[in-house]
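Per-entry structural report
These are the residues of each chain, in order.
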Amino acid sequence: MSQAPTVSLPKRLPLVTAPENRGTSPDKDSRLVNCYAERSKMDGEFWLFKRAGLLRAEQPSGGAAAGLGMFNWLGDIYAIFGTTLYKNGASVGTVDATTSYRFDSTLGATPQLQLGNGVKAYNYDSGSGLVEITDSDFPADFVKGWAYLDGTTYVGVASPPTIQGSDINDPTAWDALNFLSAQIEPDQLVALSKQLVYVVAFKQWSTEIFYDAGNATGSPLGPVQGAKASYGCVSADSIQSIDGMLIWVSTNQSASTQIIKMEGLKVEVISTNPIERLLDAADFTEVYSLQFKNIGHRFYIFTSVNSNLTLVYDLDEKLWHQWTDSDGNYFPFSAVTYDAATYRHQFQHESDGWIYLVNEGYYTDEGEPITADIYTPNFDGDTYRRKTLNVMKFVADKTPGSVLQVRHNDSDYEAGQWTNFRSVDLSQKAPMLMGEGTFVRRAYNFRHQSATQMRIKAVELQMDLGTL
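Attention here is on the structure that accompanies the text.

**Brief notes about the sheet that holds strand 16 (residues 152-157)**
Taking strand neighbours across the sheet as the criterion, the four strands line up as 15-16-17-18 in an open arrangement whose pairing is antiparallel. Unpaired on one side and paired on the other, strand 15 (147-149) and strand 18 (170-181) mark the two borders of the sheet. Direction aside, neighbouring strands of the sheet carry axes that sit 35 degrees apart on average. One ladder, built from three bridges, connects strand 15 with strand 16; its direction is antiparallel. Note that in strand 16 the partner of Ala147 across the bridge is Tyr154.

**Some remarks on the packing of aromatic side chains**
According to the stated counting rule, one finds 23 aromatic pairs in the structure shown. Geometrically, the ring pair formed by Trp323 and Phe331 is edge-to-face, given 5.6 Å between the ring centres and 70 degrees between the ring planes. On the basis of relative accessibility, which here comes to 3%, the residue Trp323 falls in the buried class. Residue classification places Phe331 among the buried residues on the basis of a relative accessible area of 2%. An aromatic cluster is defined as three or more aromatic residues linked by ring pairs; in this entry it consists of Tyr36, Phe49, Phe292, Phe299, Trp323, Phe331, Phe333, Phe347 and Tyr356. The ring of Tyr375 is capped by Arg31, whose NZ or CZ atom sits 3.8 Å from the centre of that ring. Over the face of the ring belonging to Trp47 we find Arg455, whose NZ or CZ atom lies 3.8 Å from the ring centre.

**Considerations on the pattern of salt bridges**
With the rule as written, the count across this model stands at 24 salt bridges. A salt bridge links Lys457 to Asp43; its shortest N-O distance comes to 2.7 Å. With Lys457 in strand 43 (residues 455-466) and Asp43 in the loop between strand 4 (35-39) and strand 5 (46-50), this pair connects stretches of sequence that are 414 residues apart. Exposure remark for Lys457: the relative accessible area of 18% places this residue in the buried category. Among the residues examined, Asp43 registers a relative accessible area of 40% and is labelled partly exposed. One salt-bridge network, in which partners are shared between bridges, spans Arg12, Asp43, Glu45, Lys457 and Glu460.

Definitions and cut-offs
- Residues numbered from 1 in each chain as written.
- Predicted model: local features only at pLDDT ≥ 70, side-chain atom pairs only at ≥ 80, totals over all residues.
- Heavy atoms only, no water.
- Pairing = 2+ DSSP bridges.
- Helix = DSSP H or I, 4+ residues; strand = E, 2+ residues; numbered from the N terminus.
- Axes fitted to C-alpha atoms, helices over the stretch in contact; angles between N-to-C directions.
- Phe/Tyr/Trp six-rings, centres within 6.5 Å; stacked < 30°, edge-to-face > 60°.
- Buried < 20%, exposed > 50% of the residue type's maximum accessible area, 1.4 Å probe, protein only.
- Lys NZ or Arg CZ within 6 Å of the ring centre and 35° of its normal.
- Salt bridge = Lys/Arg side-chain N within 4 Å of Asp/Glu carboxyl O.

Printed below as a string of structure tokens:
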């Protein structure tokens, strides 16, 4: 077969891609693992970055225990590990450890912190300490989530679906008459939250919205007419609020599991078809979700523990990614907060009892390499003619110690058909690989495990086309 150098301008291999899994496994087809993408404002093209690394900062005195929630209140960091509530690392009381917690706070003469997990609920202030809410009018079967609005703290009851309110700025006292039903649909309540000046009731297959109607008797709340959404909530632990938006994993009576964003009471599906295929196979028995706003990106992070899967949505670039720990398993963090005094994000580990700092300047997870993987779509150069790939050139930051490993698969991602890795030194002025052989259709895996930053823009392919 004769060959002629028919490609004078090198083609660029697409690196920034959304997950394209054709089935319910994330391990086939294109995807980005432990990366995120950022579009340049100069030329409109994307750069790929390795995600931020993690560094152990503090382990409260209880040692290894389940991480059940974190919250920044009045500049102090509150964290629950196992049965203990810690304030800046010091124990301030004992709590129920059945499941994870949601937090809120009130004003009044004595501002208080509220925490509850759907089993037990507590108030905390520095004077009274940690006190369980035992008022007879506080619902025993409340769901996760609080909503503080105009002085009243609200909680929800699963069945019948009800919203119960406290006295004004006094979450220790609850009024038996301060309640209303969320009954546009006959489904049970799953969680309660707040958006802007509205109380949001998440139910099994619908979501109802309430506002402060100023009623003189009964509940101050009234329904927002026409604001009901036909999307329910799969798990209260999937709900996150970021910059006034609510994001959660939803379902309804006619659709499969999806991920929804609510902004200004308007709902939008942000999950793609491939992401929904993963969600359809996911186990929601134990899930975590985080919201993480960092260096101009806002991330929604969802983890299904039993499915060993963490999915990450970048709200600013509208792209989905997958994040893992250093062993390739799910991202094992159950809560996050921000310490405004030190300008640092703090992640709570699900089980080891540690709080971790996260920063772009950490290039490992507590000394363990972060494996950033770029799996490209199958590439055929817009033709099924055979191609001989003579040179690959890498458009990336020149960084001492930064090594990119490269392998390929000519058999549609078949597990046993990946080649051995070849290494590219990204500290070189013009990093490249020579002699990548002949193919018709090929997928590449680019892997970065160096303890350095990774920023890569493109891979250029100098190919010759065959006649067949």
